[in-house]
Amino acid sequence: MADSLRLTAYRSKLKTYASYLLGFLLAGGGLWFATRGLEATAVLTALQQAQLGPILLATAVITLTLVAKAWRWHMLFHPRHTAPPFPQVARTLFTAQFLNQALPVARLGDISRLFLLDLNQNLSKSQILGTIVLEKTLDLITLSLTLLLILPFLALPDTINQPSLLLGLTLVASFILYLLAYQTPLVIRVVHQVSRLLPTPLQAKLLNVVAAGLEGLATLRHPATAVSLLLLSAVIGLLSILTPFILFAALGLQDMGANIFHAALLNIVLAVGSLPVSVPGHVGIFEALVVFTLTPFTTADPAVIFSYALIFHLVAIIPIIIIGGLATARSGLRLPALWHKPAL
């Protein structure tokens, strides 16, 4: 038994180290891609010419986006009178965002939400997981609809410019969300039939997890709340687009071909590009994604585009570091203990 535990711990550490190694390789490749052929003096000159006003405004928008996301998560708990206090929900989300930046391996920040809210609240981890799944689904639907709306205004390769495919994926995601929220007995029956293939102890555990997780979707069964959640998700999506768009003015990119549709595309690319394993802060990868996305659409000098990427990156992570760092300190979270907690 001891040998088996040691082997499991060794494999876990090996997997973590491999993830970090892959992340650093991607970061190095991203920095090379973003800076190839650039002169340091040209980048420094572009940074010095950046206007402070748009940078401060974009930082305020990022902060407002964080608060809106915390409010939406708070709305996902049902029944409302049993929901955790908003300050605790916000502090937990800010801590999670901070951990996702500092320790991006395995989305540790999202895992931490299961335990931080469970410290002082009578909530099961499956219930909390249900709200997180719904949150991610709403984000996916928002991104898909955004891409669908901007496609007619962008000159993209035919492999990407597929409105019918995007519409189909959005409808499928929406239909699955409908089944989970409004056809809970049907979903449980299907899971029960599938679970018969598993050993008896696992059957009961799976059914309990699914049933409790579906409780996190109960809020969608109330039309007024569901509409509010969709509207709030749209607001969050709009704020996420406004941040890169406002920053265009910091370096004059709006006069070099960049517009609101490119800002929307950039937001989508960064959202998708942040999912794979990475290094803390997504250093290198963030800059490479910005340069890759904007270069075909603007006449700006590469040094200006890279400078924009650096400023955008700082604006995107500084509020998370400050607010999330303070929230993490107040939460009393101990990272070594979190590493060894199970997800459910």
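Residues numbered from 1 in each chain as written. Predicted model: local features only at pLDDT ≥ 70, side-chain atom pairs only at ≥ 80, totals over all residues. Heavy atoms only, no water.

A. Up close: the overall build of the protein chain. Broken down by element type, the protein chain carries 14 helices and 0 strands. Taken from N to C terminus, the helices and strands of the protein chain fall in the order α-α-α-α-α-α-α-α-α-α-α-α-α-α. Taking all 344 residues of the protein chain together, 45% fall into the buried category. Counting only contacts in the protein chain whose residues sit at least 6 apart along the sequence, the fraction spanning at least 24 positions is 73%. (Helix = DSSP H or I, 4+ residues; strand = E, 2+ residues; numbered from the N terminus. Buried < 20%, exposed > 50% of the residue type's maximum accessible area, 1.4 Å probe, protein only. Contact = heavy atoms within 4.5 Å.)

B. Main features of the pattern of salt bridges. Overall, the coordinates contain 3 salt bridges when judged by the stated rule. The partner of E135 in a salt bridge is R113, and the shortest N-O contact between them spans 2.6 Å. Linking E135 in helix α6 (residues 125-150) with R113 in helix α5 (residues 108-116), this pair joins segments that are 22 residues apart in sequence. Note on E135: relative accessible area 4%, which makes it buried. In this structure, K136 and E135 form a salt bridge, with 3.9 Å as the shortest nitrogen-oxygen distance. On the basis of relative accessibility, which here comes to 34%, the residue K136 falls in the partly exposed class. (Salt bridge = Lys/Arg side-chain N within 4 Å of Asp/Glu carboxyl O.)

C. Structural view of the packing of α5 against α6. As a packed pair, α5 and α6 sit with axes 9 Å apart at the nearest point and diverge in direction by 140 degrees. Put simply, α5 runs oblique to α6. Seen from above, α5 lies across α6 with right-handed handedness. Between α5, through D110, R113, L114 and F115, and α6, the contact on the second element is made entirely by K125, I128, L129, I132, E135 and K136. (Axes fitted to C-alpha atoms, helices over the stretch in contact; angles between N-to-C directions. Parallel < 35°, antiparallel > 145°, perpendicular 65-115°, else oblique. Left-handed = near helix turned anticlockwise from the far one by under 90°.)

D. Representation of the nonpolar core within the structure. L247, L253, V290, L294, Y308 and F312 are the most contacted members of the largest nonpolar core, which has 46 residues in total. Every element with two or more residues in this core is listed here: α2 (40-48), α3 (52-75), α6, α10 (223-248), α11 (260-273), α12 (285-294) and α13 (302-331). In terms of residue count, α13 provides more of this core than any other element does, 11 residues in total. Not counting the four nearest positions on each side in its chain, L247 is found in contact with P54, I55, A58, Y308, I311, F312 and V315. (Core = buried A, V, L, I, M, F, W, Y, C linked by side-chain atoms within 4.5 Å.)

E. Highlighting the packing of aromatic side chains. The full count for this structure, using the stated rule, is 7 aromatic pairs. Ring geometry for F33 versus F292: centroids 6.4 Å apart, planes at 50 degrees, classification tilted. Placement of the pair is F33 in helix α1 (residues 2-35) and F292 in helix α12, with a sequence separation of 259 residues. Using a relative accessible area of 56% as the deciding quantity, one classes F292 as exposed. Their ring planes at 75 degrees and their centres at 5.2 Å tell us that F286 and F312 sit as a pair that is edge-to-face. Residue F286 is found in helix α12, and its partner F312 is found in helix α13; the two are separated by 26 residues along the sequence. Like F312, F286 is buried. An aromatic cluster is present here, built from F245, F248, F286, Y308 and F312 joined pairwise through their rings. Above the face of the W73 ring, R113 is positioned so that its terminal group lies 4.5 Å from the ring centre. (Phe/Tyr/Trp six-rings, centres within 6.5 Å; stacked < 30°, edge-to-face > 60°. Lys NZ or Arg CZ within 6 Å of the ring centre and 35° of its normal.)

F. Highlighting the packing of α10 against α11. Two numbers describe how α10 lies on α11: the axes approach to 8 Å, and their chain directions differ by 125 degrees. Taken together, the axis directions place α10 and α11 in an arrangement best described as oblique. α11 is crossed by α10, and the crossing has right-handed handedness. Across from S240, I241, P244, F245 and F248 in α10, the residues of α11 making contact are I260, A263, A264, L266 and N267. Partitioned by chemical class, the residues of the contact of α10 with α11 number 8 nonpolar, 2 polar and no charged. (Nonpolar A, V, L, I, M, F, W, Y, C, P; charged D, E, K, R; others polar.)

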